[in-house]
Amino acid sequence: MDEILEKLKNGIRKFQTEIYPGQEDVYRRAASEPQKPDALIITCADSRIDVETITQSGTGDIFVTRNIGNLVPAYGEMMGGVSAVIEYAVSALKVRHIAVCGHSDCGAMKALLNPASLEQMATVRRWMRNAEAAMSVTDSLTQPDEKPNERLKRLTEENVLLQVQHLRTHPAVAGAVARGELTLSGWVYDIGGGQVRISENSSRTFDAVTTRANG
Ligand SMILES: [Zn+2]
């Protein structure tokens with residue numbers, strides 16, 4: 001008996017008996033039409049991020065790609081899964097918004113601050129090169145009395161801003177943005193606090209999404 005696989009199977013069983021029956025029409029409709037998500041969200045592979053839950057998105061609402069550190073290789077660099085997802089989302093699915101979502105306590109960001117931790121992981125180390133400029137910006141802006149958690153927060157934000165810049169180097173993105181058909185934003189999700197702060201309209205600052213008093 002494979003304990004972990006069994007746990008996953010139990011989840012599938014629960015989905016089939018408790019969740020699916022109440023939403024069968026939603027799933028059947030989704031399966032009978034081409035998908036038409038209106039946003040692409042690029043986030044970290046971290047198991048604590050549940051992007052559908054925090055945006056309250058349903059089946060078919062968002063196109064999602066995840067990787068270590070929510071990185072976007074600049075166009076021409078490491079052409080692979082992420083670049084293909086971006087091109088497909090913009091050119092075929094015609095998404096109207098792309099968000100890069102970083103998060104608190106990100107292992108990838110901590111590894112950037114402590115490169116020795118990646119000594120045994122050549123692939124991750126290479127992948128993290130896509131965030132190198134964020135590290136140098138962070139170093140340039142670091143205050144002498146800055147605490148380690150403030151430095152991590154700064155790096156997390158600079159990384160998100162850098163990856164949004166990288167997005168703009170992709171021809172499909174640049175074209176759609178120029179035509180006014182696509183907008184971009186950068187997010188930082190605070191896992192413990194349930195808070196999401198967003199940089200939009202190319203701003204360098206992240207503003208918390210606030211709860212509106214009157215709906
Ligand atoms: Zn992460």
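Scroll up for the structure.
So, how was this worked out
- Residues numbered from 1 in each chain as written.
- Predicted model: local features only at pLDDT ≥ 70, side-chain atom pairs only at ≥ 80, totals over all residues.
- Heavy atoms only, no water.
- Donors = N, O, S within 2.8 Å, 3.2 Å for Na, K, Ca; no water.
- Buried < 20%, exposed > 50% of the residue type's maximum accessible area, 1.4 Å probe, protein only.
- Helix = DSSP H or I, 4+ residues; strand = E, 2+ residues; numbered from the N terminus.
- Expected span 1.5 Å × (residues − 1).
- Bend = angle between axes of the 7 residues up to and from the residue.
- Polar contact = N/O pair within 3.5 Å; in protein donor to acceptor, adjacent residues only side chain to side chain.
- Pairing = 2+ DSSP bridges.
- Contact = heavy atoms within 4.5 Å.
- Axes fitted to C-alpha atoms, helices over the stretch in contact; angles between N-to-C directions.
- Salt bridge = Lys/Arg side-chain N within 4 Å of Asp/Glu carboxyl O.

Participant: Would you mind showing me how to read the coordination of the zinc ion here?
Facilitator: Perfect tetrahedral coordination of a metal by four donors corresponds to 109.5 degrees between them, and perfect octahedral coordination by six donors corresponds to 90 or 180 degrees. Distances from the zinc ion to its protein donors, namely Cys44 (SG), His103 (NE2) and Cys106 (SG), fall within the range 2.0 to 2.2 Å. Linear spacing of the donor residues for the zinc ion on their chain is C-x58-H-x2-C. The same class applies to His103 and to Cys106, which are both buried.

Participant: I keep staring at helix α1 (residues 3-32) and nothing clicks. Help me out?
Facilitator: Between the first and last C-alpha of α1 there are merely 35 Å, a value that for 30 residues lags more than 12% behind the 44 Å anticipated at 1.5 Å per step. The largest bend in α1 comes to about 70 degrees, at Gln23. Measuring from the side-chain oxygen of the N-cap residue of α1 to the backbone nitrogen of Ile4 gives 3.2 Å; that N-cap residue is Asp2.

Participant: Quick question: what am I supposed to make of the sheet that holds strand β3 (residues 97-103) here?
Facilitator: Adjacent strands of a sheet form backbone hydrogen bonds with each other and so pair up, either parallel or antiparallel. Overall, mixed pairing links the 6 strands, which are arranged β2-β1-β3-β4-β5-β6 in an open sheet. Among the strands making up the open sheet, the edge pair consists of β2 (62-67) and β6 (207-208). One ladder, built from 6 bridges, connects strand β4 (residues 183-190) with strand β5 (residues 195-200); its direction is antiparallel. Paired with Trp187 across the strands is Ile198, a residue of β5. Each of β1 (39-44), β3, β4 and β5 touches helix α7 (residues 148-168); the most contacted strand, β4, lies at about 160 degrees to it.

Participant: Please explain the environment of Asp145 as it appears in this structure.
Facilitator: Among the secondary structure elements, Asp145 is positioned in the loop between α6 (132-141) and α7. By relative accessible area, Asp145 is classed as exposed at 64%. On a C-alpha basis, the gap between Asp145 and Gln163 in space is 27 Å, while along the polypeptide they are 18 residues apart.

Participant: Honestly, the pattern of salt bridges in this entry has me stumped. Any pointers?
Facilitator: Oppositely charged side chains may form a pair once their charged atoms are brought near each other. According to the stated counting rule, one finds 11 salt bridges in the structure shown. The network of salt bridges with common partners includes Asp46, Arg48, Asp105 and Lys110.

Participant: What exactly am I supposed to notice about the pairing of β3 here?
Facilitator: Side-chain direction in a regular strand flips from residue to residue, so the side chains alternate between the two faces of the sheet. Extensive coverage of β3 is indicated by the burial of 6 of its 7 residues. Direction of pairing for β1 relative to β3: parallel, over a ladder of 5 bridges. Looking across to β3, one finds that Ala39 is bridged to His97. One ladder, built from 7 bridges, connects β3 with β4; its direction is parallel. Residue pairing across strands places His103 opposite Tyr189, the latter belonging to β4.

Participant: Can you walk me through unusual backbone geometry in this structure?
Facilitator: Note on backbone geometry: most residues besides glycine have negative phi, and most peptide bonds are trans. Of note, the phi angle at Met78 is positive, near 45 degrees, even though the residue is not glycine. With respect to the helices and strands, the residue Met78 is situated in the loop between β2 and α3 (81-92). Using a relative accessible area of 23% as the deciding quantity, one classes Met78 as partly exposed. Positive phi values are uncommon outside glycine, yet Asp105 reaches one of about 55 degrees. Within the element layout of this structure, Asp105 appears in the loop between β3 and α4 (107-113). Assessed through its relative accessible area of 37%, Asp105 is described here as partly exposed.

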